[in-house]
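So you can see what is in the structure, the chains are spelled out below.
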Amino acid sequence: MVDLRGKPFYLSDEDVRWVEETLGHMSLEEKIGQLFIMLDRKKDREEARRLIRDYHIGGCRYQNEPAEKIYEQNWFYQENSRIPLLIACNCDNGGSGACTDGTHIATAAACGAAGDEKTAWETGYVSGREGTAVGCNWDFGPVCDLLFNWRNTIVNTRAYGKDPDQVIGQCRAYIDGVKQSGMAVCCKHFPGDGVEELDQHLVMGVNTFDCETWDKTFGAVYKALIDDGIPSIMAGHIALPEYQRALRPGIRDEEIMPATLAPELLGGLLRGKLGFNGLILTDASHMAGMTSAMPRSRQVPGAIAAGCDMFLFFNDIEEDFGYMLRGYEEGILTRERLDEAVTRILALKASLGLHKKQKEGRLIPPREGLSVIGCREHLDMAAGAAKRSITLVKDTQNNLPVSPETHRRAYVYVISSPPVSRKGKPDPVKEVIRQEMEAFGFEVTMHESYYDVSLKGEVTLEEELKTVIIGKVEEFKKKYDVVFVFINMKGYAQENNVRLSWSIGHSVEIPWYVKELPSLFISLNYTNHLLDVPMAKTFINAYAPTAEVIRAVLRKVSGQEPFTGHFDENVFCGRWDTRL
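Residues numbered from 1 in each chain as written. Predicted model: local features only at pLDDT ≥ 70, side-chain atom pairs only at ≥ 80, totals over all residues. Heavy atoms only, no water.

## Structural notes on the sheet that holds strand β16 (residues 519–523)
1) Next: Read across the open sheet, the six strands follow the order β12-β17-β16-β15-β13-β14; overall the sheet is mixed. The strands lining the two open edges of the sheet, one partner per strand, are β12 (391–395) and β14 (443–446). Taken pair by pair, the neighbouring strands of this sheet meet at an average axis angle of 20 degrees, ignoring direction.
2) Next: As judged from the seven bridges shared by strand β13 (residues 409–416) and strand β15 (residues 482–488), these two strands associate in the parallel manner. For Ile415, the partnering residue across the bridge sits in β15 and is Ile487. (Pairing = 2+ DSSP bridges. Helix = DSSP H or I, 4+ residues; strand = E, 2+ residues; numbered from the N terminus. Axes fitted to C-alpha atoms, helices over the stretch in contact; angles between N-to-C directions.)

## Quick word on the sheet that holds strand β8 (residues 232–235)
1) Next: Pairing is parallel in the open sheet, where three strands are placed in the order β6-β8-β10. Only two strands of the sheet have a single partner each, and these edge strands are β6 (187–190) and β10 (279–282). Across the sheet, the mean angle separating the axes of adjacent strands is 30 degrees when strand polarity is ignored.
2) Next: Judged from the four bridges that link them, β8 and β10 form a sheet pairing that is parallel. Residue Ser232 lies in a different strand from β10, and its bridge partner there is Leu279.

## Digging into the environment of Arg326
1) Next: Its place among the elements puts Arg326 in helix α14 (residues 317–329).
2) Next: Put simply, Arg326 and Tyr411 are 85 residues apart on the chain and 63 Å apart in space, counted from C-alpha to C-alpha.

## Concerning the state of the cysteines
1) Next: Using the criterion set out here, one finds zero disulfides in the structure.
2) Next: Residue Cys308 stays outside any disulfide, its sulfur separated by 11 Å from that of Cys186, the closest cysteine.
3) Next: According to the relative accessible area criterion, Cys308 is buried, its value standing at 0%. (Disulfide = S-S within 2.5 Å. Buried < 20%, exposed > 50% of the residue type's maximum accessible area, 1.4 Å probe, protein only.)

## Some points on empty space enclosed by the protein
1) Next: Evaluated as defined, the whole model comprises four cavities of 30 Å³ or more.
2) Next: For the largest cavity, the calculated volume is near 90 Å³.
3) Next: If you go around the largest cavity, you meet 13 residues; those closest to its centre are Val414, Ile415, Ser416, Ser449 and Tyr451.
4) Next: For the lining of the largest cavity, the secondary structure elements donating two or more residues are β13 and α19 (450–455).
5) Next: Here the lining of the largest cavity gets three residues from one element, more than from any other, and that element is β13.
6) Next: Residue composition of the lining of the largest cavity, by class: four nonpolar, four polar and five charged. (1 Å grid on protein atoms, 1.4 Å probe; cavity = no way out; pocket = protein on both sides within 12 Å on 5 of 7 lines; lining within 4 Å. Points joined across faces, edges and corners; volume = space filled by probe spheres on them. Nonpolar A, V, L, I, M, F, W, Y, C, P; charged D, E, K, R; others polar.)

## Quick look at the packing of aromatic side chains
1) Next: Enumeration according to the criterion identifies 24 aromatic pairs in this entry.
2) Next: Taken together, a centroid distance of 6.1 Å and an interplanar angle of 85 degrees make the contact between Phe190 and Trp214 edge-to-face. You can see Phe190 sitting in strand β6 and its partner Trp214 sitting in helix α8 (residues 211–216), a full 24 residues away along the chain. This pair shows no difference in class: Phe190 is buried, exactly as Trp214 is.
3) Next: Ring geometry for Phe209 and Phe218: centres 5.8 Å apart, planes at 55 degrees, overall tilted.
4) Next: With relative accessibility at 15%, the residue Phe209 sits in the buried group. (Phe/Tyr/Trp six-rings, centres within 6.5 Å; stacked < 30°, edge-to-face > 60°.)

## Here's the deal with the side chain of Gln73
1) Next: Tracing the backbone through its elements, the reader meets Gln73 in helix α4 (residues 67–79).
2) Next: Classification of Gln73 by relative accessible area gives buried; the value is 3%.

## Considering helix α13 (residues 296–306)
1) Next: Burial of α13 is extensive: eight of the 11 residues sit out of reach of the surface.
2) Next: Inspection of α13 places Arg296, Gln299, Val300, Pro301, Gly302, Ala303, Ile304 and Ala306 among the buried residues, and these make up the whole buried set.
3) Next: Immediately downstream of α13, the backbone of Gly307 shows phi near 135 degrees, a positive value.

Scope: geometric values only; no functional claims are made or implied.
Listed below in structure tokens is the structure:
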């Protein structure tokens, strides 16, 4: 039985009646449809209308676009649904997760580095305000993972840290910020990522902690947030073998499933031991951590049968809907489990007042609310977050301060992901860096990488040689006063572990220059790049490739303002030479 009046739904008698009456009047097909959250990649209105109306889906997520387009899209979604929809956004870092022109405030790593809970609160606050403005009502955040393994890059900047108490405090601050706008939040990724180094987009994750250790770490985080009344939790495609063996004695290794398909974790641990009464949804179902576990025809109903209440994303709508319906008809998914899942879905909607807003015609807020997108208040918060979080990891050669007055002529390398991740276009971050450095007063020479050269067309031998032959060192030293190296590597669903990658073998980007000129290395993303550039004597973690962050970096390296961010020992990657 689902407790509708208790934590986390707290429904009134009127709300409970709506849930029960709505459930009682639903056909089997309507119940099946409520289990699904679609991902709108195509942006085809007629197809979206058909999915919403014919398949009775319970929720939506979408590919980001500018706020005006997202607003119109979400209005269209709700207009075409008989039962109000849960419309979700992935606002880990601020309103930038709700629309492309939303405000990036801070990554979780930056919040942790800031050493306060203000940054996390402001990130949640802006996420809620800008997400609500475009018509979203559900935020897939905060990330509750703990970064124990420095090699893990899938949650490297998405985790607040590895201390459970710190993560609890940061999560609470973020959640409180989101709640100012009335959005629902969702903790992820149960039972917890950050122990190993694998990406669940590519392989099933494995949290190797024993039961006692898990209870004191990830378990402590989830227990605290569940006790606070968190309304929803996303199950990751992550196994917890030691707990699974304890909860299900005799389980064979081949029977150990990711949490999304593991009833002993969802029912025995999350609902049983931790007492969670809210909604559980799967992580994205196209991830190999789930798809490789069993045939799709069994995964779809199997996730709901195991204890999840919603299934995140279709592969093929007709096929997946058919799999779920057949799973019900074959007894994989019982009527009791189906009704329980749909009850929780309706309860979350009722807790947000969606049924009342639908009657009043205000499921989507007035268009004037879009004025908060990128407003001055939010931009000031972004600048403040950058100021507090940017971290000087080391300056062992005393290269700092570096300013246009003392080191005017700057040679700038930007080490970024290959053009395939930019759809064959120049790196936009590189241009932002150039503009900000020149505006600050530096005379800037931007290095052309092999990628940059190749984007212009066929690479001649002469052009290639320029990317691999250093040239006269003394001439380089006469022409320039300082070298800046901005590292903006990011991987997603391509490799399990993202490492710094130069644009060509023997590239002149490789740090031959660290003993010749003051050289400043600034990571605009991951925090563990010292593994690949231990020779760097000045290294800064800045956490995001935004204009606000780059401006703050320049103020700090020039001595205009101090570095106040804090680093975790993970940044040294367990090596002695990275500290030198």
